[in-house]
Amino acid sequence: MALAAARRLLLHAGSRLGRREAVDGARRFANKRVLVETEGPAGVAVMKLRNPPVNSLSLECLTEFTISLEKLENDKSIRGVILTSECPGIFSAGLDLLEMYGRNPAHYAEYWKNVQELWLRLYTSNMILVSAINGASPAGGCLLALCCDYRVMADNPKYTIGLNESLLGIVAPFWFKDMYVNTIGHREAERALQLGTLFSPAEALKVGVVDEVVPEDQVHSKARSVMTKWLAIPDHSRQLTKNMMRKATADSLIKQREADIQNFTSFISKDSIQKSLHMYLEKLKQKKG
Ligand SMILES: CCCCCCC/C=C/C(=O)SCCNC(=O)CCNC(=O)[C@H](O)C(C)(C)COP(=O)(O)OP(=O)(O)OC[C@H]1O[C@@H](n2cnc3c(N)ncnc32)[C@H](O)[C@@H]1OP(=O)(O)O
């Protein structure tokens with residue numbers, strides 16, 4: 001209930017902010033954790049995640065992200081979105097571990113519903129999505145990138161990308177797995193999921209997790225030039241083709257959303273899983289000290 005009200009408020013505030021200031025032909029709207037600017041080729045928005053320190057996908061961040069996407073989908077002048085991060089060195093640390101640890105089942109269910117919603121909206125978007133991966137991109141961060149039509153990653157060996165859930169003692173849901181298989185093939189996905197592999201940019205390129213690796217200072221310009229190429233394709237044929245390629249994967253979640261929420265809630269509530277998450281969070285803390 002509270003979240004629905006927040007969502008309505010955000011949409012309203014968003015549309016006010018969204019009555020955009022024109023600055024040198026660029027337009028922008030923002031909420032706290034997501035900044036959207038239109039710049040570069042006509043019809044393209046740049047969406048920047050800004051939820052420091054690591055762009056973890058908290059409930060609030062997911063909500064704002066979904067609302068921003070919804071607004072862009074409804075804006076007929078926007079045909080493409082470049083997804084990137086404003087947090088230095090981090091694309092996104094993935095789902096917020098603190099939303100999945102030490103909370104109650106109702107919270108887990110609400111959180112998961114919002115994860116599903118963002119994924120469905122991103123994965124089935126009619127717009128062209130290009131990710132400019134300018135930092136670390138584990139698990140849910142990788143998921144965001146995998147939803148895009150094209151992935152450009154910065155050539156910095158400190159940045160890694162992949163579905164590393166098994167390292168946390170948790171299991172990537174079937175729809176994460178399906179998208180991984182669609183992207184890198186069954187054998188590579190099977191190995192990477194079991195090992196929780198976090199690929200360096202060069203490895204990610206080799207296995208096909210990303211489409212291109214470029215020097216860090218060229219990630220955005222490359223994403224723009226890729227976008228220009230994709231914009232040259234008629235929308236209707238590209239959209240129908242995208243839908244044909246992705247529909248089965250999206251539908252398999254759509255037809256069992258409620259069961260997936262229940263499965264997540266009971267899995268994440270288990271003592272053994274909570275213990276694994278606790279240990280992982282401790283490890284992240286110790287890394288600092
Ligand atoms: C049937 C269904 C089963 C369940 C399915 C669940 C699917 C799960 C998907 C996920 O996305 S789980 C999240 C996976 N993410 C990770 O493993 C990333 C963990 N983080 C890191 O590896 C590093 O933080 C980093 C992203 C490489 C950045 O490193 P850096 O050295 O720059 O920062 P840190 O000092 O490590 O972190 C700063 C601060 O942020 C906290 N934090 C990091 N990641 C998360 C996160 N995902 N959620 C919440 N908080 C996170 C970290 O603990 C630090 O906190 P403080 O110590 O400053 O309080």
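Basis of the calculations
Residues numbered from 1 in each chain as written. Predicted model: local features only at pLDDT ≥ 70, side-chain atom pairs only at ≥ 80, totals over all residues. Heavy atoms only, no water. 1 Å grid on protein atoms, 1.4 Å probe; cavity = no way out; pocket = protein on both sides within 12 Å on 5 of 7 lines; lining within 4 Å. Points joined across faces, edges and corners; volume = space filled by probe spheres on them. Helix = DSSP H or I, 4+ residues; strand = E, 2+ residues; numbered from the N terminus. Nonpolar A, V, L, I, M, F, W, Y, C, P; charged D, E, K, R; others polar. Pairing = 2+ DSSP bridges. Buried < 20%, exposed > 50% of the residue type's maximum accessible area, 1.4 Å probe, protein only. Polar contact = N/O pair within 3.5 Å; in protein donor to acceptor, adjacent residues only side chain to side chain. Contact = heavy atoms within 4.5 Å. Phe/Tyr/Trp six-rings, centres within 6.5 Å; stacked < 30°, edge-to-face > 60°.

Undergrad: Hey, could you run me through the layout of surface pockets in this one?
TA: One water molecule sets the probe size; rolling that probe over the atoms shows where empty space is left. There is about 1,200 Å³ of room inside the largest pocket. What lines the largest pocket is a set of 43 residues, among which Ala93, Leu95, Leu97, Tyr280 and Leu284 lie closest to the centre. Among the secondary structure elements, those contributing two or more residues to the lining of the largest pocket are β5 (89–90), β7 (135–138), α5 (174–184), α10 (257–269) and α11 (271–288). Here the lining of the largest pocket takes seven residues from α11, the largest share from any one element. When the residues that make up the lining of the largest pocket are grouped by side-chain class, the tally is 28 nonpolar, seven polar and eight charged. In this model, the second largest pocket occupies a volume close to 380 Å³. Taken together, 15 residues line the second largest pocket, and the ones lying closest to its centre are Cys148, Asp149, Arg151, Met245 and Arg246. Counting only elements with at least two residues in the lining of the second largest pocket, the list comes to α5 and α9 (235–254). Counting residues per element, the lining of the second largest pocket draws most heavily on α9, which supplies five residues.

Undergrad: Can you walk me through the sheet that holds strand β9 (residues 161–162) in this structure?
TA: In space, the three strands of this open sheet follow the order β5-β7-β9, with parallel pairing throughout. The open sheet terminates on both sides in strands that have one partner only, identified here as β5 and β9. Bridge count for β5 against β7 is two bridges, and the pairing is parallel. Bridge assignment links Ile90 to a residue of β7, and that residue is Ala136.

Undergrad: Any chance you could explain the side chain of Ser252 here in plain terms?
TA: Counting through the fold element by element, Ser252 comes out in helix α9. On the basis of relative accessible area, Ser252 is assigned to the buried category, the value being 16%. Here Thr249 takes part through its backbone oxygen, which lies 2.9 Å from a polar atom of the side chain of Ser252. Those residues in contact with Ser252 that lie beyond four places of it in its chain are Phe174 and Asp178.

Undergrad: What exactly am I supposed to notice about the side chain of Ser200 here?
TA: By the secondary structure assignment, Ser200 is in the loop between α6 (186–195) and α7 (201–207). A relative accessible area of 18% places Ser200 in the buried class. For Ser200, the contacting residues outside a window of four places in its chain are Tyr159 and Thr160.

Undergrad: Sorry, what's going on with the packing of aromatic side chains here?
TA: The geometry of an aromatic ring pair comes down to the distance between the two centres and the angle between the two planes. Following the criterion strictly, the structure yields six aromatic pairs and no others. Summarising the aromatic geometry, the rings of Trp119 and Tyr123 are spaced 5.0 Å apart at their centres and angled 10° between planes, so their arrangement reads as stacked. In this pair, Trp119 and Tyr123 both sit in helix α3 (residues 105–123), four residues apart, roughly one turn of the helix. Look at Trp175 and Phe176: their rings are 5.0 Å apart centre to centre, the planes differ by 70°, and that puts the pair in the edge-to-face class.

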